[in-house]
Amino acid sequence: MIILGIETSCDETGISVVEKYSSNSFKILSNNISSSLNLHAMTGGIIPEVASREQLKYILKVVEKTIYDAFGMSLSDKKIPPIDAIAVTYGPGLIGPLLIGVETARTMSLLWKVPLIPVNHMHGHLLINMVEHADIFLPAIGLVVSGGHTDLLTIDKSHRITPLGGKRDDAAGEAFDKVGRLLSLPYPAGPVISQLAEKGNKNKFDLPRPMIHSGDFDFSFSGLKTSVLNLIRKNNWDFSRDDHKQILYDLCASTQEAIVDVLVKKTMMACEKHSLNTVIMGGGVTANKQLRLALDGELKKINGKLFSPTPSLCTDNGAMIAAAGFFSTAVDWEDVKASPQLYY
Ligand code: KG4
Ligand code: ZN
């Protein structure tokens, strides 16, 4: 079975063709992304109107290239590509970008008479692991950590996903990005903080681990950003000065450590409560090396295993939507509607 995946929930236009050979054997035939990230870096965050216009500008070009990469055919050949279904993100996300992906998918489904599968973006972040790892065993604990989400879940043997808890305020990725802004780092700051942290001392600043002992599976990271802000104000640091550079590195390392600590502690708590020792994770923040190392280390202590996507597939992409499509059901194209507030 071959699925064309379409992801347009935010600033990435991700299109991919994925083939399934058996229940645990898949191949990504093509995968392309056009991103408006550079435009958003100039404004320090995503402007929905700009993201929508960029989606509109690029979506057909990325579909065309992806079909060509997979099958060597052009859309203007007027032939229908040999796909069995189209999977499209219908939520959660920004309404403008979502509508562009959904309308493109609905049109292709109608014209090509190919089934249309609506996919929850968050499911995609987890289920891309099924394409990448043939040896995943379920049930498992799921951890989705991105710019907008920090969620712990269970995934049962039928790939059904049940939320255990989530963010109360800023998501972990948002915390990285907001601290980055305080440190005058470019957006998105997560990867930059992670890189600078390698030169810093993670124990230099004792930053708060919000809700680490709350006993539930919810997260709150807004206090962390406030603590960093207070530190900077109190000490009057100027990170453009060479003699303040080490402080910058130490703040990066300490911030990363605080976020990773909370994520690892709560994930291990979820494993204990549900008597599970497999963790499947996804979302932009799960590209973070320190998070991977720390969680892998804790899971090894209980003979467990961590499954995470290749870093380039942690952030938004079309392959994750095609992947989730294999585990979801097609509906009539008229019934697929963008749903910005969709939960799990
Ligand atoms: O999943 P994603 O591409 O988009 C959303 O759905 O939000 O995640 C983007 C987020 C940004 O907040 C970015 O700073 C963060 O993922 N991120 C990282 C790393 N790479 C991306 N955070 C920490 N370490 C990284 N290596
Ligand atoms: Zn995402």
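Residues numbered from 1 in each chain as written. Chains lettered and ligands numbered in written order. Predicted model: local features only at pLDDT ≥ 70, side-chain atom pairs only at ≥ 80, totals over all residues. Heavy atoms only, no water.

Visitor: Just to check I follow, could you spell out unusual backbone geometry for this structure?
Guide: With an omega dihedral of -10 degrees, the bond running from Gly91 to Pro92 counts as a cis peptide bond. The topology assignment puts Pro92 in the loop between strand E4 (85-91) and helix H3 (95-112). Located in the positive-phi region is His159, a residue other than glycine, with phi close to 65 degrees. Position of His159 among the secondary structure elements: in the loop between strand E7 (150-155) and strand E8 (161-165). Within the chain, Asn303 stands out as a residue other than glycine whose phi angle is a positive 55 degrees. The residue Asn303 is located in the loop between helix H9 (289-301) and strand E10 (305-307) in this model. For Asn303, a relative accessible area of 70% corresponds to the exposed category. (Helix = DSSP H or I, 4+ residues; strand = E, 2+ residues; numbered from the N terminus. Buried < 20%, exposed > 50% of the residue type's maximum accessible area, 1.4 Å probe, protein only.)

Visitor: For this particular structure, what's the right way to read the sheet that holds strand E3 (residues 25-35)?
Guide: What links the strands of a sheet is backbone hydrogen bonding, and the strands pair in either a parallel or an antiparallel sense. A sheet is described by the order of its strands in space; here five strands give the open sequence E3-E2-E1-E4-E5, paired in mixed fashion. The sheet terminates laterally at E3 and strand E5 (116-120), the two strands that pair on one side only. Neighbouring strand axes in the sheet, compared pairwise and without regard to direction, differ in orientation by 20 degrees on average. Here four bridges tie strand E1 (residues 2-7) to E4, and the two strands are oriented parallel to one another. Residue pairing across strands places Ile3 opposite Ala85, the latter belonging to E4. Sheet contacts for helix H2 (residues 48-71): E1, strand E2 (12-22) and E3; angle to E3, the most-contacted strand, approximately 150 degrees. Sheet contacts for helix H4 (residues 121-132): E1, E2, E3, E4 and E5; angle to E5, the most-contacted strand, approximately 100 degrees. (Pairing = 2+ DSSP bridges. Axes fitted to C-alpha atoms, helices over the stretch in contact; angles between N-to-C directions. Contact = heavy atoms within 4.5 Å.)

Visitor: Help me understand the site of ligand 1 in this model?
Guide: Close to ligand 1 lie 18 residues; Gly147, Asp177, Gly190, Gly284 and Asn288 are nearest. At 3.5 Å, a backbone N or O of Gly148 approaches an oxygen atom of ligand 1. Here a nitrogen atom of ligand 1 sits 3.0 Å away from a polar atom, N or O, in the side chain of Asn288. Relative to its unbound accessible surface of 560 Å², ligand 1 loses 86% to contact with the protein. More than half of the atoms belonging to ligand 1 lie within 2 Å of the grid points that define the largest pocket. Listing elements by their share of the shell around ligand 1, those giving two or more residues are H4, helix H5 (172-182) and helix H6 (190-197). Considering each element in turn, the shell around ligand 1 owes the most residues, three residues, to H5. (Near = heavy atom within 4 Å. Polar contact = N/O pair within 3.5 Å; in protein donor to acceptor, adjacent residues only side chain to side chain. Areas by Shrake-Rupley, 256 points an atom, 1.4 Å probe, with all protein chains shown as cover. 1 Å grid on protein atoms, 1.4 Å probe; cavity = no way out; pocket = protein on both sides within 12 Å on 5 of 7 lines; lining within 4 Å. Sits in = over half its atoms within 2 Å of the grid points.)

Visitor: Got a minute to help me understand the sheet that holds strand E6 (residues 140-145) in this structure?
Guide: Spatially, the five strands line up as an open sheet ordered E8-E7-E6-E9-E10, and their pairing is mixed. For this open sheet the edge positions go to E8 and E10, each flanked by a neighbour on one side alone. Strand after strand, the sheet turns through a mean of 30 degrees between neighbouring axes, direction not considered. Contacts from helix H8 (residues 245-273) reach E6, E7, E8 and strand E9 (278-282) within the one sheet, and its direction differs from that of E6 by about 155 degrees.

Visitor: For this particular structure, what's the right way to read the layout of surface pockets?
Guide: To find leftover empty space, a probe the size of one water molecule is rolled over the atoms. By volume, the largest pocket is sized at about 1400 Å³. Contributing to the lining of the largest pocket are 47 residues, with Ser146, Gly147, Gly148, Asp177 and Tyr187 lying nearest its centre. Contributions of two or more residues to the lining of the largest pocket are made by helix H1 (37-43), H4, H5 and H6. Among the elements that line the lining of the largest pocket, the one with the most residues is H5, at seven residues. (Points joined across faces, edges and corners; volume = space filled by probe spheres on them.)

Visitor: Where do I start with the coordination of the zinc ion (ligand 2) in this structure?
Guide: The coordination sphere of the zinc ion (ligand 2) contains the protein donors His121 (NE2), His125 (NE2) and Asp316 (OD), at a distance range of 2.1 to 2.2 Å. Taken together, the four donor atoms coordinating the zinc ion (ligand 2) and their angles of 92 to 142 degrees define a geometry best described as irregular. Each donor residue of the zinc ion (ligand 2) belongs to the same chain, and together they define the spacing H-x3-H-x190-D. Here Asp316 lies in the loop between E10 and helix H10 (318-325) and His125 lies in helix H4, a separation of 191 residues in the sequence. (Donors = N, O, S within 2.8 Å, 3.2 Å for Na, K, Ca; no water. Tetrahedral: all angles 85-135°; square planar, octahedral: opposite > 155°, others 65-115°.)

Visitor: What should I look at first to understand the packing of H8 against H9 in this one?
Guide: Between two packed helices, what matters for the description is the angle formed by their axes and the separation of those axes. For the pair H8 and H9, the least separation of the axes is 10 Å and the interaxial angle reads 35 degrees. Handedness of the crossing formed by H8 with H9: right-handed. Along its contact with H8, which presents Gln256, Glu257, Val260, Leu263, Val264, Thr267, Met268 and Cys271, the element H9 presents Gln290, Leu291, Ala294, Leu295, Glu298 and Leu299. Its residues placed into classes, the contact of H8 with H9 shows nine nonpolar, three polar and two charged. (Left-handed = near helix turned anticlockwise from the far one by under 90°. Nonpolar A, V, L, I, M, F, W, Y, C, P; charged D, E, K, R; others polar.)

Visitor: Can you walk me through the environment of Leu110 in this structure?
Guide: For Leu110, the location among the structural elements is in helix H3. As for Leu110 and Trp333, which are separated by 223 residues in sequence, their C-alpha atoms are 7.0 Å apart.

Visitor: Can you walk me through the packing of aromatic side chains in this structure?
Guide: The relation between two aromatic rings is expressed through the spacing of the ring centres and the mutual angle of the planes. By the definition in use, this model includes seven aromatic pairs. Ring geometry for Phe26 versus Phe327: centroids 6.4 Å apart, planes at 45 degrees, classification tilted. Note that Phe26 is positioned in strand E3 and Phe327 in the segment after H10, a separation of 301 residues in sequence. The exposure class of Phe327 is partly exposed, given its relative accessible area of 24%. Taken together, Phe26, Phe326 and Phe327 form an aromatic cluster joined through their ring pairs. A cation over a ring is seen here: Lys266 above Phe219, with NZ or CZ 5.7 Å from the ring centre. (Phe/Tyr/Trp six-rings, centres within 6.5 Å; stacked < 30°, edge-to-face > 60°. Lys NZ or Arg CZ within 6 Å of the ring centre and 35° of its normal.)

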